[in-house]
Amino acid sequence: MADPSANQATIAGTQAWIRRQGRWSPYEIAFWIAVFVPFFFFPTYLTLASQIAIAALFALSVDLILGYAGIITLGHAMFFGLGAYAAGLLTKTGWGEPLTGLLISGAFVALVGFVVSFVIVRVQHLALLMITLGLGLLTLELANAMSWLTGGTDGLQGVSVWPIFGTFDYDLWGYTAYSYTLAVLFVGLLIARRIVHSAFGLSLRGIRENLNRMPAIGAPYQRRLQVIYTISAGMAGVAGALLTQTTSQVALDVLSFQRSADVVVMLILGGTGRLYGGIIGAIIFMVARDQLAGINPQYWYFWIGILLMIVVLVMPKGILGFLAQLWERIRR
Amino acid sequence: MSTETYALRTENLRKRFGSLEVARDVSITLPRGARHALIGPNGAGKTSLVNLITGQLPPDSGRVLLEGQDITRLNRAARVKAGLARTFQINQLFPALTPIEAITLAVTERKGTAGQFWRSLASHGDAIDEAWGILAQLRLTEVATRPTRVLAYGQQRLLEIGLALATRPKVLLLDEPAAGVPKGESAELFSVIAALPDDISVLFIEHDMSLVFKFAARIIVLVSGGVLLEAEPDVIRTDQRVRDVYLGQAHHG
C-alpha cells in the first residue's frame, strides 16, 4: 500500500513505488513459513490441511475473476468438477502420472472455460449470476446422466494415481498429499501474483473500477475478461484434479452448487482482490467446518452463516481487508 | 488520406429518441489543429453529439469521418485506436487506481502491451515514463501515487484529460472539462488545454462564455439538435439569433 509520508514526486521514486507494489511482503513470507506448521504440530490433521490447500487454490482461481476483474460467479464448481473428472478419467485410460495429469486436466478445463467465456463477457450483474449458476447446474446434471462415464451418484471409483516423481506414494497420514497440494498451491499463487502485478492485471483492475471508461481508452476489455476467465477456469480445474489425485475417487458433489457457493463464502470471509483472502478464507472455513461438525454434524452451517453475517457487516472488505485497515490506522 | 485538410467531419448525423431529435442533420468539420467550442442551451444535444461521434450512440443515419477514414461503423475502442479520444462531463475515472497507474494503463492499452500477463508492470519502464510525462504536463506528479478517489476535484478533472491524452489522439473531444471546477481554477485548467500541441485538434463543450471567447478560435452553436451557426467568436458575440437563444433560455428557465 502507498506510504503517504514518502515523497514519490520524482520519476525514480514512482518507478520504485510501482516495483514495491509487486514485491513480497514480510507477511507473505511469514505465511509461507507457517504453512509448514501442520507437519510438526498437527500431523494428524495433514489430510485436512491438504483439503484446505485444494480449497485455497480453488478460492484463488475465483479471486482472479471476482476480486480482480469483477466477474461474479455462482457456478465455478463446474470447472473444479470437470478438472476432478478429467484427472480421474485420465488414470482410467492407463496414464496415472500425477504432474502431467494435473497439466492435462487443467488445460482441458481451461479450454472449456475459454468456450464459456464468450457468453460470460457479454452479461453482467444478475444475468451473470444466473448464467454461471445455470451452467453449473447443467454440468452437474450432465455428469449425473452420463453415469456410464462418471459413475453417476456412485462416483468414479478405481482411480489409481502413480507416485509423485515415481517415488513419493500417498501415505495414510497425508504427508505426501499435503506436500503435493501445498507445492501446487504455491505455484498457483506465483502465477496469480505475476498476473495481478502485470500490465494485464492493471487492465483488469481498470475493468473492475470503471468498465465504462475502458473503451474510451481503447481497451478491448472483453478480450481481457476472456483471458482471465480462461486462466481462472484452468486453475479451478487443477484444484479439482488435485482432489481426485489425493483422494483416489471422484464424487458427484465436486460439481455441486454447494461447492460453488462455499468458495464464494470463503473468498468473502477472507477478503476479495488480495490473493491471500481466499487462502485465509479457506483455512477459516475448513477448520470451522471440521471443528463444528465434530460438535454437531448437522448444524455446523448455522455457525458459518453467523460468521459470514458478522464478517460482511463488521468487515465489509473481509478479514484481510479489515486487518489491513487496522494496520493503517495503527501506523498513523 | 493525408491530403485531407480536416481532422474530423460529420455528415448529416441524425439521431432521434421517439419524438425527441437529439441530432438533426449535423454536419460539422474540424480542421487540423482546431480549437473549436461547441455551445448551446441545455438539452441542445451537445453531449449526444459527442456520444454519436465517439460511438457511444449509434446514429440513425449519417457518417463520421476521421482524417478521411469512415469510422461510423467502428466500435468505441477502435475509434480511440484510430485517434479519436474524449473526456466525460461526469468523471469516469478509476477510483482505487493511482494517477500513475491509470495513465500507465491507458498508455499500455495504446501500445498494445496491456494484454501481457507474463511481464511485471514495473518492467514496462517506457510506458511508466510516458505516463509520468503526461502527469508532469498536467502538474499532477505530486499526487502520482495517491488513490484517485482522494484527489482534489480539480486534479480529478485534469486526470480525466490525462487519460484521453495517453491515447495520443488526433482529435480530442472535451465534454465540459471545467464542469464543477471553481471559477478561479477553470481558467488554469483551460490554460492546460490551450497548451496542447497543434497536432491535436480540439472540440470542447463549455457553458462559461468568457472561457469560450478566450480559448476558442471558432464556435459552433447547437440548438435543438441542429447547428444554428458556426463562426468566429466576434461574430457569435454579436449575432442576434445566438442572443435570442440564450436570452430566451434565461427568460424561460
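Scope of this entry: the structure provided in the associated data block. Please read these numbers as outputs of a predicted model, since none were measured by experiment.

Here we look at the overall build of chain A
Part 1 of the argument: Scanning chain A from terminus to terminus reveals 15 helices and zero strands.
Part 2 of the argument: Taking 20 Å as the expected radius of gyration for a compact globule of 332 residues, we find that chain A reaches 20 Å, a close match to that expectation.
Part 3 of the argument: For chain A, the C-alpha atoms occupy an extent of roughly 65 × 45 × 40 Å along the three principal directions.
Part 4 of the argument: Going through the 332 residues of chain A one by one, you find that 51% of them count as buried.
Part 5 of the argument: Considering only intrachain contacts with a sequence separation of at least 6, the fraction spanning at least 24 residues in chain A is 78%.
Part 6 of the argument: As displayed, chain A offers around 15,300 Å² of accessible surface, 70% of which is attributable to carbon and sulfur atoms.

Let's talk about the overall build of chain B
Part 1 of the argument: In terms of helices and strands, chain B carries nine helices and 11 strands.
Part 2 of the argument: For 253 residues, the compact-globule estimate of 2.2 N^0.38 gives 18 Å, and chain B sits close to it at 19 Å.
Part 3 of the argument: The principal-axis extents of the C-alpha atoms in chain B amount to approximately 60 × 40 × 35 Å.
Part 4 of the argument: Each of the 253 residues in chain B was classed as buried or not, and the buried ones make up 55%.
Part 5 of the argument: Considering only intrachain contacts with a sequence separation of at least 6, the fraction spanning at least 24 residues in chain B is 67%.
Part 6 of the argument: If you sum the accessible surface of chain B, you get close to 10,600 Å²; carbon and sulfur atoms cover 51% of it.
Part 7 of the argument: Distance between charge centroids for chain B: 3 Å, based on 29 positive and 27 negative side chains.

Re empty space enclosed by the protein
Part 1 of the argument: Tallying each qualifying case throughout the model produces two cavities of 30 Å³ or more.
Part 2 of the argument: Estimates place the volume of the largest cavity at around 70 Å³.
Part 3 of the argument: Secondary structure elements with two or more residues in the lining of the largest cavity: helix 2 (76–82) and strand 7 (84–86) of chain B.
Part 4 of the argument: Residue composition of the lining of the largest cavity, grouped by class: four nonpolar, two polar and three charged.
Part 5 of the argument: Volume-wise, the second largest cavity comes out at about 40 Å³.
Part 6 of the argument: Considering the residues around the second largest cavity, the lining is formed by Ala87(A), Leu90(A), Thr91(A), Trp95(A), Gly96(A), Glu97(A), Pro98(A), Gly101(A), Val161(A) and Gln245(A).
Part 7 of the argument: Elements that contribute at least two residues to the lining of the second largest cavity include exactly helix 5 (77–92) and helix 6 (98–120) of chain A.
Part 8 of the argument: In terms of residue count, helix 5 of chain A provides more of the lining of the second largest cavity than any other element does, three residues in total.

A look at helix 13 (residues 276–295) of chain A
Helical periodicity: at 3.6 residues per turn, an α-helix aligns residues three or four positions apart in one direction.
All names here are of chain A.
Part 1 of the argument: The end-to-end C-alpha distance of helix 13 is 29 Å, a good match for the 28 Å that 20 residues give at a rise of 1.5 Å each.
Part 2 of the argument: Listed as buried for helix 13 are Tyr-276, Gly-277, Gly-278, Ile-279, Gly-281, Ala-282, Phe-285, Met-286, Ala-288 and Leu-292.
Part 3 of the argument: If you follow the buried residues of helix 13, they end up packed against helix 2 (26–34), helix 4 (46–66), helix 9 (175–196), helix 12 (257–270), helix 14 (300–314) and helix 15 (318–331).

Brief notes about the nonpolar core
Part 1 of the argument: Among the nonpolar cores identified, the biggest contains 151 residues, and Leu57(A), Ile100(B), Ile103(B), Leu172(B) and Phe204(B) are the most heavily contacted of them.
Part 2 of the argument: Tallying contributions element by element places helix 4 of chain A first for this core, with 16 residues.
Part 3 of the argument: Once residues lying within four places of it in the same chain are set aside, the contact partners of Phe204(B) are His36(B), Ala37(B), Leu38(B), Leu174(B), Phe190(B), Val212(B), Phe215(B) and Ala216(B).
Part 4 of the argument: Membership of the second largest hydrophobic core comes to 26 residues, among which are Leu49(B), Val50(B), Leu57(B) and Leu173(B).

Comments concerning the sheet that holds strand 9 (residues 201–205) of chain B
All names here are of chain B.
Part 1 of the argument: Strand order in this open sheet of six strands is 7-8-9-4-10-11, and the pairing throughout is mixed. Taken across any chain shown, the strands that pair with only one partner, and hence form the sheet edges, are strand 7 and strand 11 (226–231). Mean inter-strand twist for the sheet, computed between neighbouring axes without regard to direction, equals 20°.
Part 2 of the argument: Inspection of the sheet shows strand 8 (residues 171–175) paired to strand 9 by five bridges, in the parallel sense. Residue pairing across strands places Leu-173 opposite Leu-203, the latter belonging to strand 9.
Part 3 of the argument: Its contacts with the sheet put helix 1 (residues 46–54) on strand 4 (35–39), strand 7, strand 8, strand 9 and strand 10 (218–223), and the angle it makes with strand 7 is roughly 145°.
Part 4 of the argument: Contacts from helix 5 (residues 153–165) reach strand 7 and strand 8, with the element oriented near 155° to strand 8.

Quick look at the pattern of salt bridges
Residues and elements named next belong to chain B.
Part 1 of the argument: According to the stated counting rule, one finds 24 salt bridges over all chains in the structure shown.
Part 2 of the argument: Asp-70 is the salt-bridge partner of Arg-63, the closest N and O atoms lying 3.3 Å from each other.
Part 3 of the argument: Relative accessible area serves as the criterion here: at 37%, Asp-70 is assigned to the partly exposed category.
Part 4 of the argument: Taken together, the shared-partner salt bridges connect Glu-11, Arg-63 and Asp-70 into one network.

Focus on the packing of aromatic side chains
Aromatic ring pairs are reported here in terms of the distance separating the ring centres and the angle at which the planes meet.
Part 1 of the argument: Going through the model one piece at a time under the given rule, you end up with 19 aromatic pairs over all chains.
Part 2 of the argument: When the ring of Phe39(A) is compared with that of Tyr175(A), the centres are 6.1 Å apart and the planes differ by 15°; the resulting orientation is stacked. On the criterion of sequence distance, the pair formed by Phe39(A) in helix 3 (residues 37–41) and Tyr175(A) in helix 9 is long-range, its members being 136 residues apart.
Part 3 of the argument: Residue classification places Phe39(A) among the buried positions, given a relative accessible area of 16%.
Part 4 of the argument: Here Trp95(A) and Trp162(A) contribute two aromatic rings whose centre-to-centre distance is 5.1 Å and whose plane-to-plane angle is 65°, an arrangement assigned as edge-to-face. Placement of Trp95(A) in the loop between helix 5 and helix 6 and of Trp162(A) in the loop between helix 8 (147–150) and helix 9 is noted, with a sequence separation of 67 residues between them.
Part 5 of the argument: Geometry around Phe88(B) places Arg86(B) over its ring, the cationic atom sitting 4.1 Å from the centre.
Part 6 of the argument: Above the plane of the ring of Phe213(B) lies Arg237(B), whose end atom (NZ or CZ) is 4.3 Å from the centre.

A look at the interface of chain B and chain A
Part 1 of the argument: Contacts between the two partners involve 44 residues from chain B, matched on the other side by 34 residues from chain A.
Part 2 of the argument: Buried area between chain B and chain A, summed over both chains or domains, comes out near 3,500 Å², and the portion from carbon and sulfur atoms is 62%.
Part 3 of the argument: Its largest share of buried area at the contact with chain A, chain B owes to Glu109(B), Phe117(B) and Thr145(B), together 18% of the area lost on that side.
Part 4 of the argument: Linking chain B with chain A are three salt bridges, by the criterion used here.
Part 5 of the argument: Among the salt bridges present, the one from Arg205(A) reaches Glu101(B), with a minimum N-O distance of 3.2 Å.
Part 6 of the argument: Where chain B packs against chain A, one counts 14 residue pairs in polar contact (both at pLDDT 80 or more).
Part 7 of the argument: Elements with a contribution of two residues or more to the side of chain B that touches chain A: helix 2, helix 3 (99–111), helix 4 (125–137) and helix 5 of chain B.
Part 8 of the argument: Among the elements that line the side of chain B that touches chain A, the one with the most residues is helix 3 of chain B, at seven residues.
Part 9 of the argument: Residue composition of the side of chain B that touches chain A, grouped by class: 21 nonpolar, 14 polar and nine charged.

Definitions and limits used
- Residues numbered from 1 in each chain as written.
- Chains lettered and ligands numbered in written order.
- Predicted model: local features only at pLDDT ≥ 70, side-chain atom pairs only at ≥ 80, totals over all residues.
- Heavy atoms only, no water.
- Helix = DSSP H or I, 4+ residues; strand = E, 2+ residues; numbered from the N terminus.
- Rg over C-alpha atoms; globule rule 2.2 N^0.38 Å.
- Buried < 20%, exposed > 50% of the residue type's maximum accessible area, 1.4 Å probe, protein only.
- Contact = heavy atoms within 4.5 Å.
- Areas by Shrake-Rupley, 256 points an atom, 1.4 Å probe, with all protein chains shown as cover.
- Lys, Arg positive; Asp, Glu negative; His and termini not counted.
- Charge placed at Lys NZ, Arg CZ, Asp CG, Glu CD.
- 1 Å grid on protein atoms, 1.4 Å probe; cavity = no way out; pocket = protein on both sides within 12 Å on 5 of 7 lines; lining within 4 Å.
- Points joined across faces, edges and corners; volume = space filled by probe spheres on them.
- Nonpolar A, V, L, I, M, F, W, Y, C, P; charged D, E, K, R; others polar.
- Expected span 1.5 Å × (residues − 1).
- Core = buried A, V, L, I, M, F, W, Y, C linked by side-chain atoms within 4.5 Å.
- Pairing = 2+ DSSP bridges.
- Axes fitted to C-alpha atoms, helices over the stretch in contact; angles between N-to-C directions.
- Salt bridge = Lys/Arg side-chain N within 4 Å of Asp/Glu carboxyl O.
- Phe/Tyr/Trp six-rings, centres within 6.5 Å; stacked < 30°, edge-to-face > 60°.
- Lys NZ or Arg CZ within 6 Å of the ring centre and 35° of its normal.
- Buried area = accessible area lost by both parts, 1.4 Å probe.
- Polar contact = N/O pair within 3.5 Å; in protein donor to acceptor, adjacent residues only side chain to side chain.

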